[in-house]
Amino acid sequence: MATAIQMPALSPTMTEGKITKWLKKEGDKIAAGDAIAEVETDKSNLEVEAYDDGYLLKVLIKEGDTAPVGAPIAYFGEKGEKVSLEAPAPAAAAPEPRPPAGPPPSEVKRAPAPPVTAAPPPPTEVKRAPAPPVAKVGPEPGGQVVPLRRAEVAEGDGRLRASPLAKKMAHDQGLDLSGLQGSGPQGRIIKRDIEAAISQGATARKAAPIAMPQLLLERRSPETLPLSSMRRVIAQRLTEVKPGVPHFYLTVDIEMAEALKIRDEANALETKVSVNDIVVKAAAIALRRVPKVNVSLQGDRMVQYYTADVGIAVAIDEGLITPVIRDADVKGLSALAAEARDLAARARKRSLRHEEYTGGSITVSNLGMFGIDWFVAVINPPQAAIVAVGAVTERPVVRDGQVVARQMMSATLSGDHRIIDGALGAQYLRELKALLEHPMRLLF
Amino acid sequence: MPEIMYREALNQALAEEMERDANVFLIGEEVGKYQGAFKVSQGLLQRFGSARVVDAPISELGFTGLGIGAAMVGLRPVVEMMTFNFAILAMDQILNGAAKIRHMSGGQLRVPIVIRGPEGTGGRLSSQHSQVFDSIYSNFPGIKVVAPATPKDAKGLLKTAIRDDNPVIVFEAERLYAVKGEVPEGELLIPIGKAEVKREGKDVSLITWSRMYYYVEQAAAELEKEGIHPEILDLRSLRPLDEEAILATARKTNRVVIVEEGWPHVGMGAQIADLLQHKAFDYLDAPVLRVSGLDVNMSYAANLENLIQPTLARIVGAVKKVLYLEEK
């Protein structure tokens, strides 16, 4: 029986994907777990894997074309099987009349509807790629095949539904439930979905942890705090003047001689540490010392973070992305540098996972390598601040009444004025400057 | 093993225990000369005499109190209720007397009494004589409650109940008195508080007791035809509940349907569902469902009576629902 392969949701924000490359041709044999196509999403290039053994029968979306999440992109099934696009196979298996057209099936609220041009299979079967189209009760051959009940309509609250048993099985197996689609009522993930996922090698698809030093410190969860009425008024007024995120900018010049020594010493030890790595660590420590900057405005509440997670802006061909270095304040420079290199490299390959480029409370953006001395950066919401770092250059400065040459670097803080004031931003920059001019303080 | 009727199994239990222990006596309406309203006490008057098989006047409160008093001073009375519909009159003695005397005397007095008789729905007896008291009695600490479904369990549980040092309510299903089943001759003791898996299965657990066991067996046979293999757990005792057996079957199949004859509101099934959500939460793949009598007084009209009692269709439907299969 031919089964539709659907455009998977590869990130929470993905609404459509572009097939950049078919890795299998029509007629090719596919094993469960094989990558069959490369898909470009809003953030990354990822592979679509087959969930079952069979043959690729028909490709519906050509290379370079785009399909909404959940739309069929190809059919697969038995060798030589014919695919009828008018009446796709899953419908043929249903002995009972389908529920009448009317309210959309539960899945539609989770993902956009398939394109009308693609003659979609009955809605009850559309977005169930991981689950078999029909459920069999009991493993016995010849056990009766019964169509699933799909009449109920989800409230569309975005909750992930899973039975307690399914949750426990997923936890025990280290499976991420968000990657599964449920075959129970309202998309509830139930035992058979977990079993199907396990048999299809979902465990193997579990992301390998990125190499990073084990942190002994527990990460304290952020707290959501109400805004004071004064803060609320400030936020309101400033948003009237500067709609969106009202930025303000503060610049400081930092003497980098001592920080450069650290880089040179690291390099003497054959450990690659860049100036930017040192800036990232200093930015993180400054965040811990001036925690009022470590915040985010979310609706009419303020989130106070207790971890120093710093985003690093990485330019890639099509734009930029900001992977986040977690707990940058407590990581050693070589570990931090290695992680930054790994994240940047994978960002360029567009293979970052969603959780690697979300979160964080501040970003460091560095255009020094392009010869830029000074610039202002745009805040990456919901973060409340960004530090724009220029090149380290020899500049004339006055020391003890004499004009002398010094290795200087300019850093500009853009702050979200709704929750950070100028004086607070200045305090943060003063801390950052002190840390970089006297990098011994990074140790304390 | 001889096949005998449910009422004969009970009769065997009474005769054997009266034979074994001279302190055991039977009291109730029509238990002697009339040989029992449902012939459970057939032959006992002739065999044990009128001092041990006592015909009581129509005064449930009185003869239940007499039984409790006798138990307090060392006898082992078996009080027969013509039906549990009449035991409502004796509830003060049972629930405020028998259930509490051991506690209130600081353990100095024991009440080894058995209160037994038919209960249940059906038979076109209308609302006052067609009802289930399982959850009322099971609600009270200080008494034990059993509700056997098969002749064998009826014999084994009644014998154990007579030997128990606490008050035990034995619910005999009126519609089951003529049901036949294999019963071992001679000594047969079935522990109170032990459920039995009556049918091994793997897809869904059907938890039930008393007469509903036969409904559930029938539903299971239907479901087997569709490739669904239900497990049937017959609780046999309602207090104490065999928690281990309930949890074991839920862990095995991950899906539970409770089938009870009584009303849904504050019914026994609610207690079992509570146990399951509390202690088998991580093993449930679907919400626990209950099939019960409908929440109305029993109708005299045969067609309505059939609808008010659990039906085969409702049981099969609930099973398909917990299995996430399309409802018929």
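Worth saying up front: this structure is predicted, and the values here are computed from it rather than measured.

> Would you mind showing me how to read the overall build of chain A here?
Of the regular secondary structure elements, chain A holds eight helices and 22 strands. Per-residue burial over chain A gives 40% buried out of 444 residues. Long-range contacts, defined as pairs at least 24 residues apart, comprise 66% of the intrachain contacts of chain A with a sequence gap of at least 6.

> What exactly am I supposed to notice about the overall build of chain B here?
Each helix and strand in chain B was counted, giving twelve helices and 14 strands. For chain B, buried positions account for 52% of its 328 residues. A fraction of 78% describes how many contacts in chain B between residues 6 or more apart in sequence connect residues 24 or more apart.

> Teacher, can you tell me more about the packing of helix H9 (residues 243–253) of chain B against helix H10 (residues 268–279) of chain B here?
Each pair of packed helices can be summarised by the angle the axes make with each other and by the distance between the axes. All names here are of chain B. Interhelical geometry of H9 versus H10 gives an angle of 65 degrees and a closest axis separation of 10 Å. When you trace H9 past H10, the crossing you get is right-handed. Packed against H9, whose contacting residues are Glu243, Ile246, Leu247 and Ala250, the element H10 presents Ile272, Leu275, Leu276 and Lys279 at the interface.

> Would you take a moment to explain the nonpolar core for this structure?
Val146, Val216, Val257 and Val319 of chain B are the most contacted members of the largest nonpolar core, which has 106 residues in total. When residues in this core are grouped by element, the largest group, seven residues, is from helix H8 (residues 212–225) of chain B. Counting residues domain by domain, this core receives three or more from each of domain 1 (3–182) and domain 2 (196–322) of chain B. For Val319 of chain B, the residues in contact, after removing those within four places along its chain, are Val204, Ala219, Leu223, Ile228, Pro230 and Val257 of chain B. Ala338, Val389, Tyr428 and Leu432 of chain A belong to the second largest nonpolar core, which has 59 residues in total.

> What is the right way to read the environment of Leu333 of chain A from this model?
Residues and elements named next belong to chain A. Looking at the element boundaries, Leu333 is found in helix H7 (residues 333–348). Residue class for Leu333 comes out partly exposed when judged on the 19 C-beta atoms lying within 10 Å of it. Taking the C-alpha atoms as reference, Leu333 lies 7.0 Å from Asp277; in sequence the two are 56 residues apart. Among residues more than four places away in sequence, those in contact with Leu333 are Ala266, Val273, Asp277, Ile278 and Lys281.

> Looking at this model, I keep getting lost on the packing of helix H1 (residues 6–20) of chain B against helix H7 (residues 151–163) of chain B. Mind explaining?
Residues and elements named next belong to chain B. It is the contact of H1 with H7, at a shortest axis distance of 8 Å, that shows an interaxial angle of 25 degrees. With respect to their mutual orientation, H1 and H7 come out roughly parallel. Seen along the crossing, H1 lies across H7 with a hand that is right-handed. Of the residues in H7, those in contact with Tyr6, Ala9, Leu10, Gln12, Ala13, Glu16 and Glu17 of H1 are Pro151, Lys152, Ala154, Lys155, Leu158, Lys159 and Ile162. Its residues assigned to classes, the contact of H1 with H7 shows eight nonpolar, one polar and five charged.

> I keep staring at the sheet that holds strand E3 (residues 53–55) of chain B and nothing clicks. Help me out?
Pairing between sheet strands relies on hydrogen bonds along the backbone, with the strands arranged either parallel or antiparallel. Residue and element names in this part refer to chain B. Taken together, the seven strands give an open sheet; going across it, the order is E3-E2-E4-E5-E7-E6-E12, and neighbouring strands pair in mixed fashion. With one partner strand each, in any of the chains shown, E3 and strand E12 (237–239) form the two edges of the open sheet. When strand polarity is set aside, the average angle formed by the axes of neighbouring strands in this sheet is 20 degrees. Alignment of strand E6 (residues 144–146) against strand E7 (residues 168–173), held across three bridges, turns out to be parallel. For Lys144, the partnering residue across the bridge sits in E7 and is Val168.

> I keep staring at H9 of chain B and nothing clicks. Help me out?
Every α-helix winds through 3.6 residues per turn, so residues three or four apart in the chain are directed the same way. Residue and element names in this part refer to chain B. Taken residue by residue, H9 has Ile246, Thr249, Ala250 and Thr253 as its buried positions. All buried residues of H9 lie within an arc of 100 degrees about the axis, which places them on one face of the element. Where the residues of H9 are buried, they touch strand E9 (196–199), strand E10 (204–208), strand E11 (230–234), strand E13 (256–259) and H10.

> How should I be thinking about the confidence of the model for chain A in this particular structure?
Residues shown with low pLDDT carry predicted positions that ought not to be read at fine detail. All names here are of chain A. Of the residues in chain A, 78% have a pLDDT of 70 or more, and the chain-wide mean is 78. Model confidence for chain A, summarised as mean pLDDT per element, is weakest for strand E10 (residues 145–146) at 32 and strongest for strand E20 (residues 385–389) at 96. Contacts of residues 86–156 to residues separated by more than four positions or lying in other chains number 134 contacts, the stretch itself having pLDDT below 50. Here residues 204–215 is a poorly scored stretch, pLDDT under 50, and it has 13 contacts once near neighbours within four places are set aside; other chains count.

> Where do I start with the environment of Ala2 of chain A in this structure?
The topology assignment puts Ala2 of chain A in the segment before strand E1 (3–6). Between the C-alpha atoms of Ala2 of chain A and Gly54 of chain A, which are 52 residues apart in sequence, the distance is 9.3 Å.

> Please explain unusual backbone geometry as it appears in this structure.
Where the residue is not glycine, phi is negative for most of them; where a peptide bond is considered, it is trans in most cases. All names here are of chain A. Following Pro381, the chain continues into Pro382 via a peptide bond in cis, with omega recorded as 5 degrees. Structurally, the position occupied by Pro382 is in the loop between strand E19 (362–366) and E20. Phi at Asp327 takes a positive value of approximately 50 degrees, unusual for a residue other than glycine. Looking at where Asp327 falls in the secondary structure, it is placed in the loop between strand E18 (324–325) and H7. Asp327 gets classed as partly exposed once you count the C-beta atoms within 10 Å, which come to 17.

> Is there a simple way to think about the environment of Glu356 of chain A in this case?
All names here are of chain A. By the secondary structure assignment, Glu356 is in the loop between H7 and E19. Note on Glu356: 22 C-beta atoms within 10 Å, which makes it buried. C-alpha of Glu356 to C-alpha of Val324: the two residues are 32 residues apart in sequence and 6.0 Å apart in space. If we ignore the near neighbours within four places in the chain, the residues touching Glu356 are Pro323, Val324 and Leu343.

> Any chance you could explain the confidence of the model for chain B here in plain terms?
Chain-level pLDDT for chain B is 96 on average; 99% of the residues reach the 70-or-more range. We note a pTM of 0.53 for the whole complex and an ipTM of 0.75 for its interfaces.

> Is there a simple way to explain the sheet that holds strand E13 (residues 295–298) of chain A in this structure?
All names here are of chain A. Spatial strand order, E11-E14-E13: three strands in an open sheet with antiparallel pairing. Two strands in the sheet have a free side with no partner beyond their single neighbour: strand E11 (223–226) and E13. This sheet shows a mean twist of 30 degrees between the axes of neighbouring strands, independent of strand direction. Relative to strand E14 (residues 301–304), E13 is paired through four bridges, and the arrangement is antiparallel. Paired with Val295 across the bridge in E14 is Gln304.

> What exactly am I supposed to notice about the pairing of E20 of chain A here?
The side chains of a regular strand alternate, first on one face of the sheet and then on the other. All names here are of chain A. For E20, the tally of buried residues reaches five of five residues, placing the bulk of the element in the interior. A two-sided burial pattern is seen for E20, the buried positions comprising Ala385, Val387 and Val389 on one face and Ile386 and Ala388 on the other. Sheet topology note: the E20/strand E22 (residues 402–416) ladder contains five bridges and is antiparallel. Looking across to E22, one finds that Ala385 is bridged to Gly415.

> Is there a simple way to think about the pairing of E13 of chain B in this case?
All names here are of chain B. Burial along E13 is two-sided: the face carrying Val256 and Ile258 and the face carrying Val257 and Val259 are both buried. Strand direction decides the pairing type here: E13 and strand E14 (residues 289–291), joined by three bridges, are parallel. Each bridged residue has a counterpart across the sheet, and for Val259 the counterpart in E14 is Val291. Between the parallel elements E13 and E14, the chain passes through H10 in a crossover that is right-handed.

The rules behind the values
- Residues numbered from 1 in each chain as written.
- Chains lettered and ligands numbered in written order.
- Predicted model: local features only at pLDDT ≥ 70, side-chain atom pairs only at ≥ 80, totals over all residues.
- Helix = DSSP H or I, 4+ residues; strand = E, 2+ residues; numbered from the N terminus.
- Buried ≥ 20, exposed ≤ 12 C-beta atoms within 10 Å, placed from the backbone.
- Contact = placed C-beta atoms within 7 Å.
- Axes fitted to C-alpha atoms, helices over the stretch in contact; angles between N-to-C directions.
- Left-handed = near helix turned anticlockwise from the far one by under 90°.
- Core = buried A, V, L, I, M, F, W, Y, C linked by C-beta atoms within 7 Å.
- Domains from an automatic or database assignment.
- Parallel < 35°, antiparallel > 145°, perpendicular 65-115°, else oblique.
- Nonpolar A, V, L, I, M, F, W, Y, C, P; charged D, E, K, R; others polar.
- Pairing = 2+ DSSP bridges.
- Arc of directions from axis to C-beta.
- pLDDT = per-residue confidence, 0-100.
- Right-handed = clockwise from strand over helix to strand, strands pointing away.

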